[in-house]
Each structure stands twice: as C-alpha cells, then as structure tokens.
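Overview (structure and organization)
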Amino acid sequence: MASDAQFDWRDPLRLEDLLSDEERLIRDSAHDFAQRELMPLILDWHRHEHFDPAIFPKLGEMGFLGMQLEGYGCAGASYTAYGLVARELERVDAAFRSAIGVQGGLVMTPIHVFGSEAQKDRYLPALARGQVIGCFGLTEPDAGSDPSRMRARAKSVPGGYSLSGNKIWITNAPISDLFVIWARDDDGHVGGFLLERGMAGLSTAKIEGKFSVRASPTGEVSMTDVFVPSENRLPAAKGLKAPLYCLNRARLAIAWGALGAAEFCWQATRDYVLAREQFGRPLAANQLVQAKLAEMQTEITLSLLATLRLSRLQDAGLATPEMISLVKRASARRALDVTRMAREMHGGNGISDTYHVVRHMLNLEVENTLEGTADIHALVLGAAQTGIRAFSA
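Okay, so let's go over this structure.

1. Quick look at the overall build of the protein
Assigned secondary structure in the protein consists of 10 helices and 9 strands. For 393 residues, the compact-globule estimate of 2.2 N^0.38 gives 21 Å, and the C-alpha radius of gyration of the protein, at 22 Å, lies within 12% of that figure. Dimensions of the protein, computed from C-alpha atoms along their principal axes, come out at roughly 80 × 50 × 40 Å. When burial is assessed residue by residue, the protein has 53% of its 393 residues classed as buried. Contacts spanning at least 24 positions in sequence make up 75% of the contacts within the protein whose residues lie at least 6 apart. Surface summary for the protein: the accessible area is close to 17,200 Å², and the carbon and sulfur share equals 53%. Here the protein carries 42 positive and 47 negative side-chain charges, and the mean point of each set is 4 Å from the other.

This is the structure:
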C-alpha cells in the first residue's frame, strides 16, 4: 500500500509529533526571543568576554528562570519544556543556556527543595524575575570531580556560622547577588548556605582568558570568616546528596542545549556546502560531504529522541542519576563531534567566528566536562552494570 508520508530532513524521525501544543508554543517563543534578542549580541560578547546582567530581567519576563519549579513566581512548566528552551538558547550560545541553567537549576532548585518557607518567600520570586542573580558554589581548586574532598568550612559561632574557603569555576560568580555555598560544618557534614554580596570577608574574581563559553561570566568565590546567620542555612540539605541532586537536574538542560548547538552547526554547514562551489559544482555534490551531513543528522536525531525520552521520565518522576549520566554524556560527546565536523567542512572559514561554528565547538569542549566529565559519567554507568565502584566513595 502506497504511503503519503514525507521525509523532513530537519526532523527525520518526526520528533515534532511527540511534543504537545503547549511545548511547541513554549519552544517557538524561546526560538523567537533567542534569535531576536540574543543572536545580535553574541559575536561582540564572545569576542570581548562580556556579559550584561541586564539580560536576566528579560529572561525572567519570558518565564525562563526556574520555569520547571512550582509556585513563588515560577512558571511550573515541564522538564521537557525547560529542555526545549535550553535547546533554543544554546542554538545561539551556551552562555544563555548556562544563565537559565545555573539560576533555575542550581540556585533556585536547592532553595525550592531544601529551603525554609522564609527562604523561599525571600529569594525565589526575585530570582524568577531576574532581579537577583545567583551562583552555585561547589567546585574547589582541589576538588573537581571529587567533591568529597571539600575543604570549605562552616564553623559554628554565636548566631550562625563563619565560612572560609574557596570555590572555583563558578558561573555567574562575578555578577552574583546571592551565593549558594556548600561547606562542611563542625561535624563534617556538608550543608548549603545562602550568602549575599556585601557580607564581610566575601569576594569574587573573574577568571580571564577563557577559550570556551567566553560570554558567560565565570569566577572564583573567596570566603574569609564570612558570618552567615543561622537562618541562611538550607535546613533540609544534609550531605553531598543535596548538591548532587541539584546537579542531576541541571544536567538534563545541558543535554538539550548541547544538541541545540549541534543542530545550528549541522544546518549551517548544510547551507554552506550548498552555496559554496569548488571545481565547478557545489561542495554538497561530493560523496564525502553528503556522508558527513548524514552522520551529523543521524547523531543529532538519535540523541534528541533519547533526551526527549529522559525528559518524559523526569516529568513522570522515573528518571535516575544513571539515566541522566548516560544521556548527558552521549549528547555532549555527539554534539562535540558534530561541531568539529562542521568546523572542518567550513574550511578556512570555519575558524572565523562570523560563521559561529568554531564558537560552538569551543563551548562544547567544556560541556563535555561540565557538571560531570564524560569519564566520570562512564564510571557511574560502569558501576551500575558491574556493581563495582571504580572510584572511591
């Protein structure tokens, strides 16, 4: 029997059919916003390692900050919708996906899940509006993939705690008003503490000279005997499971975002090889070029379906850390491979930022490491298969 089905090279396995009308509306709104408001900014911001904090209220107006959370001024959207927004923002640049991922996933989530009602009422509405910018302080100079080696300390003092230590590679640190800091208390237990800019002994320094995600402000947080009132400790955050819980939810947005960058590079490359002529015909007429386009299309399509499936499981409360490790690792690695291929297929133009692909390639070099390296996620999956942990607890 003859079929009327049509093949869409942009959406080979009809992922569009798997989205609800509401999800498509949110996705389209994010796409229009990103192309209209963000795309005109990114070349200058990337070249000069610049980020304007005034973009946060605009993200808040769109409902993108903490959009996966309920109440307190948050949109209460699904994780799938959140992922679709991340995909559209990173189609422009990882800096913008990172902005909503850190604010909503790593700052607002711990307050929403582990905070007191007073903390939620005080901070979440302002964070959702983008009037307050936050950062998440877990990584330390001597403790990247192994946060159990954390050296930051929260010493009990009358009325609260005295925090000392350093956090490094902290997104938004140079521009943050609020700091979610993880430190060990007198009993050696990891807890979450809410610090505010202006507290005595708290300082930040921007990390200069990055070659990846240059438009995102990254810095160091230094604490020397910073007094933090007792009411600024997250009461329900007990142990390393609390920050790792937050990271797991943020990784889902990275998986979506990485694929948004890969999609841009694939489709831009397709347009480029159709327009570019060599030896009297388009580059796209060459077998090797078509094979590479097919490879890009295949890797992106399969990764998008896996990421959508994981988002649905997250929405249903069925996603596990191992599932998130599998999909984040695969999406970031495949997206990096696609952008490397796109850079190569652009020839000499591939190293010019006006074509955008080299910027995405450099961004994805760090996303392959960000919030769990590919190797660490592999060990998580290896332990799940064998029952043997290849790294110490």
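2. Overview of the packing of aromatic side chains
With the rule as written, the count across this model stands at 10 aromatic pairs. Here F33 and F64 contribute two aromatic rings whose centre-to-centre distance is 5.9 Å and whose plane-to-plane angle is 75 degrees, an arrangement assigned as edge-to-face. Taken together, the positions of F33 in helix α1 (residues 21-47) and F64 in the loop between α2 (55-61) and α3 (79-92) put the pair 31 residues apart, joining distant regions of the chain. Overall, F33 belongs to the buried group, its relative accessible area being 3%. Relative accessible area serves as the criterion here: at 3%, F64 is assigned to the buried category. Taken together through their ring pairs, the aromatic side chains of W45, F51, F56 and F96 make up a single cluster. Of note, R249 hangs over the ring of Y245, and the distance from its end group to the ring centre comes to 3.7 Å.

3. Description of the layout of surface pockets
Estimated volume of the largest pocket: approximately 1,500 Å³. In terms of lining residues, the largest pocket is bounded by 47 residues, among which G144, L247, R251, E371 and G372 are the most central. Those elements giving two or more residues to the lining of the largest pocket turn out to be α4 (94-114), β3 (160-171), α6 (241-275), α8 (321-345), α9 (357-367) and α10 (374-386). Here the second largest pocket defines a volume of roughly 320 Å³. Around the second largest pocket, the lining is made up of 16 residues, and of these R10, D11, R87, R91 and E263 lie nearest the centre. Elements that contribute at least two residues to the lining of the second largest pocket include exactly α1, α3, α6 and α7 (287-315). Residue composition of the lining of the second largest pocket, grouped by class: 5 nonpolar, 3 polar and 8 charged.

4. Some details on the pattern of salt bridges
Counted by the stated rule, this structure contains 24 salt bridges. R14 is the partner of D17 in a salt bridge, and the nearest nitrogen-oxygen pair spans 2.5 Å. You can call D17 partly exposed: its relative accessible area is 47%. Across the pair R214 and E49 runs a salt bridge, and its minimum N-O distance is 3.6 Å.

5. Observations regarding the side chain of Q314
If you trace the backbone, Q314 turns up in helix α7. On the basis of relative accessible area, Q314 is assigned to the buried category, the value being 11%. The residues contacting Q314, other than those within four sequence positions of it, are Y79, R249, L252, A319 and I324.

6. Digging into the environment of V327
Structurally, the position occupied by V327 is in helix α8. Take V327: its relative accessible area is 8%, and that puts it in the buried class. For the pair V327 and L310, spaced 17 residues apart in sequence, the C-alpha separation works out to 7.6 Å. Setting aside chain neighbours within four positions, we find V327 in contact with A255, A306, T307 and L310.

7. Notes on the state of the cysteines
Applying the stated criterion to the full structure yields 0 disulfides. C135 supplies the cysteine sulfur nearest to C246, a cysteine that is in no disulfide, at a spacing of 13 Å.

8. Focus: unusual backbone geometry
A positive phi angle, near 60 degrees, is found at Y72, a position not held by glycine. Take Y72: its relative accessible area is 24%, and that puts it in the partly exposed class. The phi torsion at N172 lies on the positive side, around 75 degrees, for a residue other than glycine. Note that N172 resides in the loop between β3 and β4 (178-184). The exposure class of N172 is buried, given its relative accessible area of 1%.

Cut-offs and rules
- Residues numbered from 1 in each chain as written.
- Predicted model: local features only at pLDDT ≥ 70, side-chain atom pairs only at ≥ 80, totals over all residues.
- Heavy atoms only, no water.
- Helix = DSSP H or I, 4+ residues; strand = E, 2+ residues; numbered from the N terminus.
- Rg over C-alpha atoms; globule rule 2.2 N^0.38 Å.
- Buried < 20%, exposed > 50% of the residue type's maximum accessible area, 1.4 Å probe, protein only.
- Contact = heavy atoms within 4.5 Å.
- Areas by Shrake-Rupley, 256 points an atom, 1.4 Å probe, with all protein chains shown as cover.
- Lys, Arg positive; Asp, Glu negative; His and termini not counted.
- Charge placed at Lys NZ, Arg CZ, Asp CG, Glu CD.
- Phe/Tyr/Trp six-rings, centres within 6.5 Å; stacked < 30°, edge-to-face > 60°.
- Lys NZ or Arg CZ within 6 Å of the ring centre and 35° of its normal.
- 1 Å grid on protein atoms, 1.4 Å probe; cavity = no way out; pocket = protein on both sides within 12 Å on 5 of 7 lines; lining within 4 Å.
- Points joined across faces, edges and corners; volume = space filled by probe spheres on them.
- Nonpolar A, V, L, I, M, F, W, Y, C, P; charged D, E, K, R; others polar.
- Salt bridge = Lys/Arg side-chain N within 4 Å of Asp/Glu carboxyl O.
- Disulfide = S-S within 2.5 Å.

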